Structure formats: structure tokens, C-alpha cells
Amino acid sequence: MAGRLAARRFSFILALLFFAALPAAAQAADPALGAGDTAAIRGVISHQLGAFLKDDQTAAFSDASPTIQALFHDPDTFMQMVRSAYQPVYRASGVEFRELTMIEGRLVQRVYMVGPDGIAVLADYEMQRQPDGTWRINGCSIAKAPDQGV
């Protein structure tokens, strides 16, 4: 029980640190990015969301950057963190990709989604290009989406 509580606290603190690191003002997307990069980024995020829905922790963990993998050590620990701190991402529906922007030198893909509780959120995925040119997820922050006025 104490281990689970410590893991939840760690997950919450990690989420807060990442969210606090993202400033409110975004810059235009990097002009060096091509349509192929945009598609690849969306593909990685979609793959991870699909892996979460299937509880495929190995596949979900494979989409995380080496930094995130080193932080959580193994797929099981990573999935425990996602289940406890990122329910809207873990069981997302109504996924809609929004803008891809640079925020203080970090590439961020904004994604609108609805969590299992029916509440819409905006998830900001920090993306990281790997030395081989592929993209990985280097963090995610979520915030309640503004009312869409439907």
C-alpha cells in the first residue's frame, strides 16, 4: 500500500513538473518539419493510445522516449503511472489532433480527447526526434478542455 501511494505521489509530481514547464505562449511550428514528420508524430501518439486501450504495456512503453523509459525503468511501472495519473489518456475516446507547435524549443502536439468519465481534455505531447529520425513521446500534460459550446 505504501509503495502504491509513493508511486502515485511520484506520478502526480512528475505530471505537475512537466505541466509547469510548458509556458502559455506557443511559437509557430518548426519550419524544418515536413508533412511526413507530422504524420509520423500523429502515428506514434495514435499507436500509444491504441496500446493503452489494449493494455499492451510493452507497445505503449516502446513509444516513450529513452528519457521516459529510463525514468520508469520498465513497461509495468510505466503503465501503473499512466493508469493512476493519466486516465483520460489511458482510456481516451473522441481523439482529435490539434496544432503542432514549438514551445520554448520543444515540439508539442496538442490532442483533444474525452476521458472515460466523459470529460474532455487537451493533452500536450512533447515529441522528441531520435538519432535515427523516428519520433518518440517525451512527456504529456493534460488539462480540462475549454467548453466547446455544443
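As shown above, the structure is provided for reference.
Residues numbered from 1 in each chain as written. Predicted model: local features only at pLDDT ≥ 70, side-chain atom pairs only at ≥ 80, totals over all residues. Heavy atoms only, no water.

Re the sheet that holds strand β2 (residues 106-114)
The test is simple: A pair of strands is considered paired only if DSSP assigns at least 2 bridges between the two. A helix here means a DSSP run of H or I that spans at least four residues, while a strand means a run of E at least two residues long, and both kinds are numbered starting from the N terminus. Axis lines are fitted through C-alpha atoms, for helices just across the contact stretch, and the angle between N-to-C directions can take any value from 0 to 180 degrees.
With antiparallel pairing, 4 strands are arranged side by side in an open sheet as β1-β2-β3-β4. What marks the edges here is a single partner per strand, and that holds for β1 (93-103) and β4 (135-144). On average, each strand axis in the sheet is tilted by 25° relative to the strand beside it, whichever way the strands run. In this structure, β1 lies alongside β2, joined through 7 bridges in antiparallel fashion.

Considering the environment of Met102
To keep it simple, the criterion reads: Here the term buried applies to any residue with accessible area under 20% of the maximum for its type, exposed to any over 50%, and partly exposed to those in between, with areas from a 1.4 Å probe on protein chains only.
Within the secondary structure, Met102 is located in strand β1. Look at Met102 and you get buried, because its relative accessible area is 15%.

Describing the environment of Ala143
With respect to the secondary-structure elements, Ala143 resides in strand β4. Taking the C-alpha atoms as reference points, Ala143 and Ala123, separated by 20 residues in sequence, lie 6.6 Å from one another.

Points about the packing of aromatic side chains
The geometry of an aromatic ring pair comes down to the distance between the two centres and the angle between the two planes. Basically, it comes down to this: Centres within 6.5 Å are what make two rings of Phe, Tyr or Trp a pair, Trp counting through its six-membered ring; a difference in plane orientation under 30 degrees is then read as stacked, over 60 as edge-to-face, and the rest as tilted.
In this structure the tally under the stated criterion is 4 aromatic pairs. Between Phe61 and Phe78, the ring centres sit 5.6 Å apart and the planes meet at 55°, which makes this aromatic pair tilted. Of this pair, Phe61 sits in helix α3 (residues 57-62) while Phe78 sits in helix α5 (residues 75-85), and the two are 17 residues apart along the sequence. Across the pair, exposure class does not vary: Phe61 and Phe78 are buried alike. Feature note: the residues Phe52, Phe61, Phe72, Phe78 and Tyr90 constitute an aromatic cluster, connected by ring pairs.

Focus: the environment of Tyr125
Selection rule: For this analysis, residues touch if any pair of their heavy atoms sits within 4.5 Å.
Mapped onto the elements, Tyr125 comes out in strand β3 (residues 120-129). Taking relative accessible area as the criterion, Tyr125 reaches 1% and is therefore assigned buried. Along the backbone, Tyr125 and Ser141 are 16 residues apart, and their C-alpha atoms lie at a distance of 6.8 Å. Setting aside its immediate chain neighbours within four residues, Tyr125 contacts Ile45, Gln48, Leu49, Val89, Leu107, Val108, Gln109, Val111, Met113, Ile137, Gly139 and Cys140.

Everything listed here is a matter of coordinates, which is why it stays silent on function.
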